[in-house]
Structures are given as C-alpha cells and as structure tokens.
Amino acid sequence: VAGLALCAIGNLATSDMSRDLAPEIDKHLKSSSPYLRKKACLAMCRCLTKCPDMVEDFVERFVTLLKDRSHGVLITVLQLMTQVLIVDVAHAEE
C-alpha cells in the first residue's frame, strides 16, 4: 500500500502537496524495505521537478542511499541525483 501511495504522490502531487508530503517521502527513504526506498526515490525525483527549492533538504540522504546494497535503489538514486543536477542548473539560470 505504501508503494502505491508513493507512486500516487510522484504522479499526482502539485508543488504544494510535494512540500507537505516531503517528510513522509523522507520517512520511506529510511525504510528497511528496498522496494519502498526505490519508490520513495522515484517520488522524490518527481517532487523535486515540481518544487526545486526542496533540493537542499534531501542532499544528505544521497550519501546514505548510495551505500545501499540493492541495485534497484542505486539506479533510482542515480536518477534522483541526475534530476537534481538538471533542476539545479535550470533553477540557477532563472
């Protein structure tokens, strides 16, 4: 159920909803389940495109997630980092 909720957050959340639900996504980034960590990374990736000012709040999570043993989590963390760099460059140009 939590994985489905994270997918819904990533697909349906507006920028205000992304700000409000960021602590819940962060909670799942620390989950013991690799599936939930992967879904939380994907949801955070989409939320950061909608609300780029939240990037600074989640940068320290990348280091711990990069040490993960699950290949799925590692791939999504790399996707998240790529999205952060794209958003940061676009945000800096404005």
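Refer to the structure presented above.
Quick summary incoming for the structure in this document. (Residues numbered from 1 in each chain as written. Predicted model: local features only at pLDDT ≥ 70, side-chain atom pairs only at ≥ 80, totals over all residues. Heavy atoms only, no water.)

**Some remarks on the pattern of salt bridges**
Item 1. This structure, assessed with the given rule, holds six salt bridges.
Item 2. Residue D26 pairs with K30 through a salt bridge whose shortest N-O separation is 3.8 Å.
Item 3. Note that D26 is salt-bridged to R61, the shortest N-O span being 2.5 Å. One end of the pair, D26, is in helix α2 (residues 15–29); the other, R61, is in helix α4 (residues 55–66), and 35 residues separate them in sequence.
Item 4. Residue classification places D26 among the buried positions, given a relative accessible area of 15%. (Salt bridge = Lys/Arg side-chain N within 4 Å of Asp/Glu carboxyl O. Helix = DSSP H or I, 4+ residues; strand = E, 2+ residues; numbered from the N terminus. Buried < 20%, exposed > 50% of the residue type's maximum accessible area, 1.4 Å probe, protein only.)

**Here's the deal with the environment of N11**
Item 1. Relative to the helices and strands, N11 resides in helix α1 (residues 2–12).
Item 2. Overall, the relative accessible area of 47% leaves N11 in the partly exposed class.
Item 3. With 32 residues separating them in the primary sequence, N11 and A43 have C-alpha atoms 7.7 Å apart.
Item 4. Ignoring any residue separated from it by four or fewer positions in sequence, one finds N11 in contact with R46 and K50. (Contact = heavy atoms within 4.5 Å.)

**A few points about the nonpolar core**
Item 1. Counting residues in hydrophobic clusters, the biggest one holds 25 residues, and the most contacted among them are L6, I25, L48, M54 and L80.
Item 2. Ranked by residues supplied to this core, first place goes to helix α3 (residues 34–50) with eight residues.
Item 3. In this structure L6 touches I25, H28, L36, K39, A40 and A43, once residues within four positions along its chain are discounted. (Core = buried A, V, L, I, M, F, W, Y, C linked by side-chain atoms within 4.5 Å.)

**Here's the deal with the packing of α1 against α2**
Item 1. The contact between α1 and α2 brings their axes to 11 Å, and the two run at 135°. Looking at the two axes, α1 sits oblique to α2. Between α1 and α2 lies a crossing of left-handed hand. Here A2, L6 and I9 of α1 lie close against α2, whose contacting residues are L21, I25 and H28. (Axes fitted to C-alpha atoms, helices over the stretch in contact; angles between N-to-C directions. Parallel < 35°, antiparallel > 145°, perpendicular 65-115°, else oblique. Left-handed = near helix turned anticlockwise from the far one by under 90°.)

**Brief notes about α3**
Item 1. Taking 1.5 Å of rise per residue, 17 residues should cover 24 Å, and α3 covers 25 Å from first to last C-alpha, within 8% of that figure.
Item 2. Burial in α3 covers these residues: L36, R37, K39, A40, C41, A43, M44, C45, C47 and L48. (Expected span 1.5 Å × (residues − 1).)

**Concerning the packing of α2 against α3**
Item 1. Relative orientation of the contacting elements α2 and α3 amounts to 155°, with a least axis distance of 9 Å. The pairing of α2 with α3 is recorded here as roughly antiparallel in orientation. Helix-helix and strand crossings are classified by hand; for α2 and α3 the assignment is left-handed. Counted together, S15, S18, A22, I25, H28 and L29 of α2 and L36, R37, A40, C41, A43, M44, C47 and K50 of α3 form the full contact between these two elements.

**Observations concerning the side chain of K39**
Item 1. The residue K39 is located in helix α3 in this model.
Item 2. Here K39 is buried and forms no salt bridge, its nearest opposite-charge partner D68 lying at an N-O distance of 15 Å.
Item 3. Apart from residues no more than four positions distant in its own chain, K39 is found in contact with G3, L6 and C7. (Lys, Arg positive; Asp, Glu negative; His and termini not counted.)

Taken by themselves, the reported measurements are silent on function.
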